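These are the residues of each chain, in order.
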Amino acid sequence: MSGKIHRLLVVSAILSLANGSGYSEKPNIVIILIDDMGMNDVSFHGSNQILTPNIDALAYNGILLNKHYVPNLCTPSRATLLTGKYPIHTGMQHFVIITDEPWSLPQRERLMPELFRDAGYSTHLVGKWHLGFWRKDLTPTMRGFDHHFGYYNGYIDYYDHEVRMLDRNYSAGLDFRRDLEPCPEANGTYATEAFTSEAKRIIEEHDKTKPLFMVLSHLAVHTGNEDNPMQAPEEEVAKHAHIKDPKRRTYAGMISSLDKSVAQTIAALKENGMLNNSIILLYSDNGAPTLGIHSNAGSNYPYRGQKESPWEGGIRSAGVLWSPLLKEQGYVSNQAIHAIDWLPTLAGAAGVSLPQDLQLDGLNLWPSLSGKEEPKPRTMIHVLDEVFGYSSYMRDSLKYVNGSSFEGQYDHWLGELEANEDDPLSGNYGQHVLASEVQRILGNQGLTEDRILEMRNEATEVCPSIEGQNPLDPQFKCEPLKGDCFFDLATDPCERYNLAQLYPLQLKELADEVEQIRRTAIPSARVAKSDKRADPAYHNGNWEWWNNTETDSSSGTCSANLWVIMGSIIGLTYQYCL
């Protein structure tokens, strides 16, 4: 019996069991969203320094998404996942929501949890939100999630779950909630473990007559507060004594804690009879910030740049899709796919009908991924930030960059790993993956060590040289703050050979295409003002909605209200309601 026929019979059996058991026919959907993890920080992309056997086993048994793209920052990336739209079409294209800024993902946007809940799903968010909370009606349980356990801001302390804004004269505040109520009971529990325990509880208590939709949105591997950014359990850090740099060693402990979490979450699905009718999507929201603000020592190498840059290192994300419902499994996909695609793709896989007026930017790629079809050309706008003044665009394999962030400080190839720092277990990498908890749970006897190494090699980037051409030749130099650049990613995935001087007509074509896209953008929703009414001192030591908060300073309140009034006027002008 061929592997394809066997898989079709498995899918048929799953549906038959579901029909006869009272279980939901629609698949459970679990999205594991990692924060600020680099492409070079999972071992299925070839690194031997930090091993991720459970995540890797999920990839080798499913689809390893080798060309998975995301916006280059937290808030835009999360908005894109939940709306199926580019940030320029929701107003979320400029920067992230700072803790005390009064703005959000606009309420006019219908979100993935709302759409799936309308289709009968039980919807849960565990972990990070970061899409606005200055008004109560903007928080997760008001935006389609039946339940939320986690935090509203961009980061918290891993243990006490507080946010401390060291550049403001604010009190420290707890940012940890169960639904709408503060949850101090979790104090002292490492965030990754707290979120994993909650995900397991949700799975164990789930009513199987309804399908489950859960976003497990980890804090890891984002840094914590600036006064104590790198935090991991001591026993996990100790596993990485081969890494000399203490910051990178702690980061490795954060990664290995995540790897354990993935195994525990999948085990819970298995133990509760839900795994055989589930879809699991795992990816990082953007590239790692190797240097600079909130730097975590993550590595996107050999790709250029990092988080909040226009380069591949900021917008290319480690990703995995797994499900027994996939017709083809155990392969590396080179289909270009973007976070805009997950809403229509998962809806298509689940048989969820979407309203015709959503005006999605994404495509339903489930049929092509499930059928292992040949990659189709894509056009993607990665970044279009009018305020910071830079853009990043891709038409098939041609990549266009205009301008950059941070005055070009992070336009280089960052995070190259030290030599002779391989994990001692990496010499038996294939066996290590086969012995992992996830491999044991999935029980795929057909996965061999040879196939693991074959897929890993296919997913490892080595920056090929172009015969007869030297990337150091001045004609290939790219200085995006001085002039537009473009690259052919098919031959130059690491963006070393700028082709602008050689092919000026193609450069103009790409620039014109970006200009056409620019005309479809709506204004940024960002209200870049600090509102001191957010201070936890006014909210019993918690970070929470503050739009109706009064302070002792009438001038401060008037000023804050003025910002809100101005925002409302702009919203009416552009039909852009908050």
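Residues numbered from 1 in each chain as written. Predicted model: local features only at pLDDT ≥ 70, side-chain atom pairs only at ≥ 80, totals over all residues. Heavy atoms only, no water.

**Some points on the overall build of the chain**
Here is step 1 of the chain: Looking only at helices and strands, one finds 15 helices and 18 strands in the chain.
Here is step 2 of the chain: Here the C-alpha atoms of the chain give a radius of gyration of 23 Å, agreeing with the 25 Å that 2.2 N^0.38 yields for 578 residues.
Here is step 3 of the chain: Projected onto the principal axes, the alpha-carbon positions of the chain cover approximately 75 × 65 × 50 Å.
Here is step 4 of the chain: A total of 578 residues make up the chain; the buried ones form 59% of that total.
Here is step 5 of the chain: Long-range contacts, defined as pairs at least 24 residues apart, comprise 74% of the intrachain contacts of the chain with a sequence gap of at least 6.
Here is step 6 of the chain: Here the chain has roughly 22300 Å² of accessible surface; of this, 50% comes from carbon and sulfur atoms.
Here is step 7 of the chain: For the chain, the centre of its 50 positive side-chain charges and the centre of its 74 negative side-chain charges are spaced 4 Å apart. (Helix = DSSP H or I, 4+ residues; strand = E, 2+ residues; numbered from the N terminus. Rg over C-alpha atoms; globule rule 2.2 N^0.38 Å. Buried < 20%, exposed > 50% of the residue type's maximum accessible area, 1.4 Å probe, protein only. Contact = heavy atoms within 4.5 Å. Areas by Shrake-Rupley, 256 points an atom, 1.4 Å probe, with all protein chains shown as cover. Lys, Arg positive; Asp, Glu negative; His and termini not counted. Charge placed at Lys NZ, Arg CZ, Asp CG, Glu CD.)

**Observations concerning the nonpolar core**
Here is step 1 of the chain: Among the nonpolar cores identified, the biggest contains 129 residues, and F44, F116, L321 and W342 are the most heavily contacted of them.
Here is step 2 of the chain: Per element, the largest residue contribution to this core is eleven residues, and it comes from helix 7 (residues 246-271).
Here is step 3 of the chain: When sequence neighbours within four positions are dropped, the list of residues in contact with F44 reads I55, D56, A59, Y60, L64, A318, G319, V320, Y429, R456 and A459.
Here is step 4 of the chain: Within the second largest apolar cluster, 25 residues are counted, among which are Y69, M394, F476 and L489. (Core = buried A, V, L, I, M, F, W, Y, C linked by side-chain atoms within 4.5 Å.)

**Focus on the environment of V163**
Here is step 1 of the chain: Note that V163 resides in strand 6 (residues 162-163).
Here is step 2 of the chain: Exposure remark for V163: the relative accessible area of 0% places this residue in the buried category.
Here is step 3 of the chain: Expressed as a C-alpha distance, the spacing of V163 and W134, which sit 29 residues apart in the sequence, is 15 Å.

**Quick look at the side chain of H242**
Here is step 1 of the chain: Positionally, H242 belongs in the loop between helix 6 (234-238) and helix 7.
Here is step 2 of the chain: We classify H242 as buried; its relative accessible area is 15%.
Here is step 3 of the chain: At 2.8 Å, the side chain of H242 and the backbone oxygen of Q49 are in polar contact.
Here is step 4 of the chain: If sequence neighbours within four positions are ignored, H242 has contacts with Q49, E421, D422, D423 and P424. (Polar contact = N/O pair within 3.5 Å; in protein donor to acceptor, adjacent residues only side chain to side chain.)

**Some remarks on the packing of aromatic side chains**
Here is step 1 of the chain: As enumerated under the stated definition, the model contains 18 aromatic pairs in all.
Here is step 2 of the chain: Ring centres 5.2 Å apart and planes at 70° place the aromatic pair F116 and Y121 in the edge-to-face group. Each member of the pair, F116 as well as Y121, is classed as buried.
Here is step 3 of the chain: Ring centres of F149 and F195 lie 6.3 Å apart, and the angle between their planes is 85°; this geometry places the pair in the edge-to-face category. On the criterion of sequence distance, the pair formed by F149 in strand 5 (residues 147-151) and F195 in helix 5 (residues 191-204) is long-range, its members being 46 residues apart.
Here is step 4 of the chain: Counting every residue linked through ring pairs, the aromatic cluster contains F116, Y121, W129, F145 and F213.
Here is step 5 of the chain: Looking at R304, its charged tip hangs above the ring of W311, at a distance of 4.1 Å from the centre.
Here is step 6 of the chain: We note R456 situated over the ring of Y429; from NZ or CZ to the ring centre the distance is 3.7 Å. (Phe/Tyr/Trp six-rings, centres within 6.5 Å; stacked < 30°, edge-to-face > 60°. Lys NZ or Arg CZ within 6 Å of the ring centre and 35° of its normal.)

**Remarks on the environment of Q356**
Here is step 1 of the chain: Within the fold, Q356 resides in the loop between helix 9 (342-350) and helix 10 (366-370).
Here is step 2 of the chain: Q356 sits in the exposed class, given a relative accessible area of 80%.
Here is step 3 of the chain: Each C-alpha atom, one on Q356 and one on N334, is 29 Å from the other, the two residues being 22 residues apart in sequence.

**Examining the sheet that holds strand 12 (residues 319-322)**
Here is step 1 of the chain: Strand order across the open sheet formed by ten strands is 9-8-5-4-10-1-11-12-2-13, with mixed pairing between neighbours. Since the sheet does not close on itself, it has two edges, and those belong to strand 9 (181-182) and strand 13 (331-333), each with one partner.
Here is step 2 of the chain: Across the sheet, helix 5 is in contact with strand 4 (122-128), strand 5, strand 8 (177-178) and strand 10 (212-217); its angle to strand 5 comes to roughly 175°.
Here is step 3 of the chain: Lying on the sheet, helix 9 is in contact with strand 1 (28-34), strand 2 (63-65), strand 11 (278-284) and strand 12; it crosses strand 11 at an angle near 165°. (Pairing = 2+ DSSP bridges. Axes fitted to C-alpha atoms, helices over the stretch in contact; angles between N-to-C directions.)

**So, the confidence of the model for the chain**
Here is step 1 of the chain: Confidence along the chain averages 92 in pLDDT terms, with 92% of residues attaining 70 or more.
Here is step 2 of the chain: Segment residues 9-19: pLDDT under 50, and eleven contacts once partners within four positions in sequence are set aside and those in other chains are kept.
Here is step 3 of the chain: Across residues 554-578, where pLDDT falls below 50, the model places 31 contacts with residues more than four positions away in sequence or in other chains. (pLDDT = per-residue confidence, 0-100.)

**Side note on the state of the cysteines**
Here is step 1 of the chain: Overall, the coordinates contain two disulfides when judged by the stated rule.
Here is step 2 of the chain: Put simply, C463 and C494 are joined by a disulfide, and their sulfur atoms are 1.9 Å apart. One quick way to see it: the torsion about the S-S bond of C463 and C494 is about -90°, and its sign makes the bridge left-handed. Of this pair, C463 sits in the loop between helix 13 (449-458) and strand 18 (485-488) while C494 sits in the loop between strand 18 and helix 14 (504-518), and the two are 31 residues apart along the sequence.
Here is step 3 of the chain: For C494, a relative accessible area of 1% puts it in the buried group.
Here is step 4 of the chain: Residue pairing for C478: its cysteine sulfur links by disulfide to C485, the two sulfurs lying 2.1 Å apart. Handedness of the C478-C485 disulfide follows from its S-S torsion of about 100°: it is right-handed. The same class applies to C478 and to C485, which are both buried.
Here is step 5 of the chain: Disulfides within the chain link the bonded cysteines, taken in sequence order, as 1-4, 2-3. (Disulfide = S-S within 2.5 Å.)

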